[in-house]
Amino acid sequence: MRYVMVQIPNTPSPASPAPRSVPTSADVARLAGVSRATVSYVLNNTSAVRISEPTRRRVHEAAKELGYVPHAAARSLRAGHSRMVLMPAPAIPVGPLYGQFLNDLQWSLGRLDYTVVQYGTVGLHGDEAARAWAELRPVAVLVPGAGLGPQGVAVLKRAGARAVVTLGPESVEGAHTLLMDHGSVGHCAGVHLHARGRRRIGVVVPEEPGLEVFSRPRLEGVRRALRDTDATVTELPLAHEERAAAELASRWRDFDLDAVFAYNDEYAMLLMRALQDEGVRVPEDTAVIGADDLMLGRLLRPRLSTVRIELPSGRALAELVDRAVRDPAGAPETHKVLGASVVHRDSS
């Protein structure tokens, strides 16, 4: 075999162009023929000063032509606080329902001139994570789930956060709270299955770390619904994997269950397919109900019964954040925001 050596010519790289200077508000003002104050009023959406629409248009066109954007840090120094709303990135898998809620919230906060930043704090939890969040000097922090305590709230407020809002199962001293009673989700499912004549009811409890803040209250909600009845409740740990669902389905007849609340629609669809593969008829042998009312559940055969969950609107939460930022000395508000109702379909 012949080898041919090819020499790659060492051509010098072309000289890099001189870096362009960063455009400033003064540059925008000169190009638009207005004062720097007018540029600031227009680009910061200041409503206290009346500026004609043609002037606003000239300023926006000049800024676009120059590639100018306002300096967030400088604006924060002038205002005494930032417009950043920090949302710790969820450390647990979140479904489509929660994802849609987050998108709605971010859009609503953007309409109020806030910048939403999702921040990951891998390995940090609770009050320890709060210190990492405080370093960014956000004007508000929205904390999903449990873990943040009064000390963490105090750390955030000392760092300049005007509003701390938690979304979880219990209130936190010093923070605005949106109480999310996931027990009501399980309660609805339990009442429904019992009313359909089911007496041996399984409840799927996800094995994924972090989901226990939702799954344990849902399990307890089913138990509360069936207390003082002739029904039994069996806890069913399940990982969100096809293999795990198939293994659980292979032992299904040993459990002797005639119904299952599968935590949410995603687990319900996973388990229902595995049960059908094992020859377990749904709903004749086992009724199945999920939660979240995902569209995909309506496309299954049989169509999936579910618990529809009503989360707060992103607009309502954004208005709470804005109200708290404008009145940081106001008393913390607490709102119950999670509603639940059964949607009965073919699977139960």
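Here, the structure is the one placed above.
First, a word on scope: everything that follows refers to the structure included in this document. What you see is a predicted model; the values in this text were computed from it and never measured.

The next subject is the sheet that holds strand β5 (residues 176–179). Taken together, six strands build an open sheet; the order of strands is β2-β1-β3-β4-β5-β11 and the sheet is parallel. Strand pairing shows two members of the sheet lacking a second neighbour, β2 (115–119) and β11 (334–336), which therefore form its edges. Taken over all neighbouring pairs, the strand axes of this sheet differ in orientation by 15 degrees on average, direction set aside. When strand β1 (residues 84–88) meets strand β3 (residues 140–144), the two strands line up parallel, connected through two bridges. Paired with Val85 across the two strands is Ala140, which belongs to β3. This element, helix α14 (residues 314–326), spans β1, β3, β4 (163–168), β5 and β11 of the sheet and lies at about 150 degrees to β4.

A few words on the pairing of β4. With six of six residues buried, β4 is to be regarded as a mostly interior element. Residues Ala163, Val165 and Leu167 point to one face of β4 and Val164, Thr166 and Gly168 to the other, with burial holding for every one of them. Looking at chain direction, β3 and β4 are connected through five bridges and run parallel. If you follow Val141 over to β4, its bridge partner there is Val164. Alignment of β4 against β5, held across four bridges, turns out to be parallel. If you follow Leu167 over to β5, its bridge partner there is Leu178.

Turning next to the pattern of salt bridges. In this structure the tally under the stated criterion is 16 salt bridges. Note that Arg216 and Glu235 form a salt bridge whose closest N and O atoms lie 2.9 Å from each other. Pair noted here: Arg216 is in helix α9 (residues 212–226) and Glu235 is in strand β7 (residues 232–238), with a separation of 19 residues, a long-range link. Residue Glu235 is classed as partly exposed on the basis of its relative accessible area, which comes to 32%.

Our next topic: the sheet that holds strand β6 (residues 200–206). The six strands are arranged β7-β6-β8-β9-β10-β12 in an open sheet whose pairing can be described as mixed. Every other strand in the sheet has two partners, leaving β7 and β12 (339–343) as the edge strands with one partner each. For this sheet the average axis-to-axis angle between neighbouring strands, irrespective of direction, equals 20 degrees. Of the pairings in the sheet, the one linking strand β8 (residues 259–261) to strand β9 (residues 287–291) comprises three bridges and is parallel in character.

Rules behind the numbers
Residues numbered from 1 in each chain as written. Predicted model: local features only at pLDDT ≥ 70, side-chain atom pairs only at ≥ 80, totals over all residues. Heavy atoms only, no water. Pairing = 2+ DSSP bridges. Helix = DSSP H or I, 4+ residues; strand = E, 2+ residues; numbered from the N terminus. Axes fitted to C-alpha atoms, helices over the stretch in contact; angles between N-to-C directions. Contact = heavy atoms within 4.5 Å. Buried < 20%, exposed > 50% of the residue type's maximum accessible area, 1.4 Å probe, protein only. Salt bridge = Lys/Arg side-chain N within 4 Å of Asp/Glu carboxyl O.

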